[in-house]
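# Coordinate inspection notes
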Amino acid sequence: MDAMSIAKAITRAILGALVLSVIGFSLLLAPEIDATQIGFALGKGFLTLVFGWIFILILSDTMVKSIASSALEARASRKDGGMLYHFLKPDPGEVTEDGAPVKSEIVNPK
């Protein structure tokens, strides 16, 4: 499981909606829309993007790692994992969509 790539995907989705809503509400509440108001709205959207990226990435990374650790602690399998399916390693007898067996990662113990 690659927790950081899952967290980044969640962050991009949330942040895209957040930036668009900040720009949209800024323009919606403006008394009249001109180049100055559009510039301020884009500036607010950029600031939301910069500060929101860090904040939301920290929150989503924490959420993903919490879900993964609870799945491992519960010893859940991918068969009955539900939403936890994406956070669990493949079972030994599992096959992919094309019928090929799943290759599991072998970790060398030290």
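Look up: the structure comes first, before these words.
Not measured: the values here are computed from a predicted model. (Residues numbered from 1 in each chain as written. Predicted model: local features only at pLDDT ≥ 70, side-chain atom pairs only at ≥ 80, totals over all residues. Heavy atoms only, no water.)

## Regarding the overall build of the protein
- Scanning the protein from terminus to terminus reveals two helices and zero strands.
- Counting every position in the protein, which comprises 110 residues, the buried fraction comes to 22%.
- Carbon and sulfur atoms make up 67% of the accessible area of the protein, which totals about 8400 Å². (Helix = DSSP H or I, 4+ residues; strand = E, 2+ residues; numbered from the N terminus. Buried < 20%, exposed > 50% of the residue type's maximum accessible area, 1.4 Å probe, protein only. Areas by Shrake-Rupley, 256 points an atom, 1.4 Å probe, with all protein chains shown as cover.)

## Notes on the pattern of salt bridges
- In the structure shown here, the tally under the stated rule is one salt bridge.
- D61 serves as the salt-bridge partner of K65, at 3.4 Å between the closest nitrogen and oxygen. Of this pair, K65 and D61 both sit in helix α2 (residues 35-73), separated by four residues, roughly a single helical turn.
- Residue classification places D61 among the buried residues on the basis of a relative accessible area of 14%. (Salt bridge = Lys/Arg side-chain N within 4 Å of Asp/Glu carboxyl O.)

## A few points about helix α1 (residues 3-28)
- Compared with the 38 Å implied by 1.5 Å per residue over 26 residues, the 37 Å span of α1 between its first and last C-alpha is a close match.
- Those residues of α1 not exposed but buried are A3, A7, T11, L15, V19, I23 and S26. (Expected span 1.5 Å × (residues − 1).)

## Points about the nonpolar core
- Counting five residues, the largest nonpolar core is built from L15, V19, I23, A41 and I56.
- If you list the elements that add at least two residues to this core, you get α1 and α2.
- Take this core: its biggest share by element is three residues, from α1.
- Apart from residues lying up to four places away in sequence, I56 is in contact with T11, I14, L15 and L18. (Core = buried A, V, L, I, M, F, W, Y, C linked by side-chain atoms within 4.5 Å. Contact = heavy atoms within 4.5 Å.)

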